[in-house]
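Residue-level listing of the chains:
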Amino acid sequence: FISPKLTASATEREINAVDSEHQMRITDDFRRQLAILLVEADPNHPYHWGSGNKTSLLDDVEKQGLNIHSELLKFYDQFYSANQMTL
């Protein structure tokens with residue numbers, strides 16, 4: 001993972017993979033319990049989020065006038081630095 005290839009097509013594949021996993025697990029009992037917990041949780045608490053899907057990761061982002069691939073590159077440039085990583 002020295003030089004990741006953050007291509008637009010790889011970004012789209014990952015979004016599709018996340019969406020597929022989300023759809024497969026949406027009816028799991030644990031997922032349902034988590035959904036109930038999140039409905040009751042304080043919306044300001046940092047753990048107030050379940051999982052992403054294509055709508056939340058792509059469509060909603062584009063509705064905000066953002067390009068998900070550009071945002072990913074900005075995030076990578078800002079936060080992926082050896083001095084911020086630990087094992």
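Conventions and cut-offs
Residues numbered from 1 in each chain as written. Predicted model: local features only at pLDDT ≥ 70, side-chain atom pairs only at ≥ 80, totals over all residues. Heavy atoms only, no water. Helix = DSSP H or I, 4+ residues; strand = E, 2+ residues; numbered from the N terminus. Rg over C-alpha atoms; globule rule 2.2 N^0.38 Å. Buried < 20%, exposed > 50% of the residue type's maximum accessible area, 1.4 Å probe, protein only. Contact = heavy atoms within 4.5 Å. Areas by Shrake-Rupley, 256 points an atom, 1.4 Å probe, with all protein chains shown as cover. Lys, Arg positive; Asp, Glu negative; His and termini not counted. Charge placed at Lys NZ, Arg CZ, Asp CG, Glu CD.

With that settled, consider the overall build of the chain. The helix and strand tally for the chain stands at four helices and zero strands. Taken from the N to the C terminus, the helices and strands of the chain come in the order α-α-α-α. In terms of overall size, the chain is more extended than a compact globule, its C-alpha atoms giving a radius of gyration of 16 Å where 87 residues would be expected to give roughly 12 Å. Counting only C-alpha atoms, the chain reaches 40 × 30 × 25 Å along its principal axes. When burial is assessed residue by residue, the chain has 15% of its 87 residues classed as buried. A sequence separation of at least 24 residues applies to 55% of the contacts in the chain between residues at least 6 apart. Carbon and sulfur atoms provide 56% of the accessible area of the chain, an area that totals close to 7,300 Å². Side-chain charges in the chain split into 8 positive and 13 negative, and the spacing between the mean points of these groups amounts to 5 Å.

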